[in-house]
Amino acid sequence: MWRTYDLALGGPDDKRIVGLINGEDERDVFQRASRWVHGICRGKGMDCYYTRVWNMDSSTVFDFGSHSQFFFLTPEVNLEVILAKEESDGSNQKERLPS
């Protein structure tokens, strides 16, 4: 089913929409949202040392290390399915250097 997702930046009670993502495949929407998070951080000169994600209050929350601001993707996506699929097909694997 085709849906529109809001991507907002801010705190839990003070968010502003920074983009809209349309799609029907949650994995594709999640990957595009991740790219937006990193692109917005670069554009604003904010460091993005890591990204943690979880679902809370019907949104998928992206923690990028700010400690005061987060990105919120609404409605939430099914992280269990998305992350399990990325693990199984190797798309979430870090490149390993020879030891």
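In what follows, the structure referred to is the one given above.
Cut-offs and rules
- Residues numbered from 1 in each chain as written.
- Predicted model: local features only at pLDDT ≥ 70, side-chain atom pairs only at ≥ 80, totals over all residues.
- Heavy atoms only, no water.
- Salt bridge = Lys/Arg side-chain N within 4 Å of Asp/Glu carboxyl O.
- Helix = DSSP H or I, 4+ residues; strand = E, 2+ residues; numbered from the N terminus.
- Buried < 20%, exposed > 50% of the residue type's maximum accessible area, 1.4 Å probe, protein only.
- Pairing = 2+ DSSP bridges.

S.K.: Mind showing me how you'd approach the pattern of salt bridges here?
M.R.: When the charged atoms of two side chains lie near each other, side chains of opposite charge can form a pair. Tallied over the full model, the rule gives two salt bridges. Between Arg32 and Asp28 there is a salt bridge, with its nearest N and O atoms 3.1 Å apart. Remark: Asp28 and Arg32 occur in helix H1 (residues 26-43); sequence separation between them is four residues, near one turn of the helix. Its relative accessible area of 33% is what places Asp28 among the partly exposed residues. Between Asp63 and Arg52 there is a salt bridge; the shortest N-O distance is 2.7 Å. Here Asp63 is found in strand S4 (residues 59-63), whereas its partner Arg52 is found in strand S3 (residues 52-56), with 11 residues between them in sequence. In this structure Asp63 comes out as buried when scored by relative accessible area, which is 4%. In this structure Arg52 comes out as partly exposed when scored by relative accessible area, which is 47%.

S.K.: Would you mind showing me how to read the pairing of strand S5 (residues 70-74) here?
M.R.: Walk down a regular strand and you will see the side chains alternate between the two sheet faces. Buried residues dominate S5, accounting for four of its five residues. Both strand S1 (residues 3-11) and S5 contribute to a ladder of five bridges, which runs antiparallel. Looking at the pairing, Asp6 lines up with Thr74 of S5. Note: S4 against S5, three bridges, orientation antiparallel. Across the sheet, Phe62 pairs through a bridge with Phe71, a residue of S5. What sits between S4 and S5 in their antiparallel hairpin is a turn of six residues, with Gly65 showing a positive phi close to 100 degrees.

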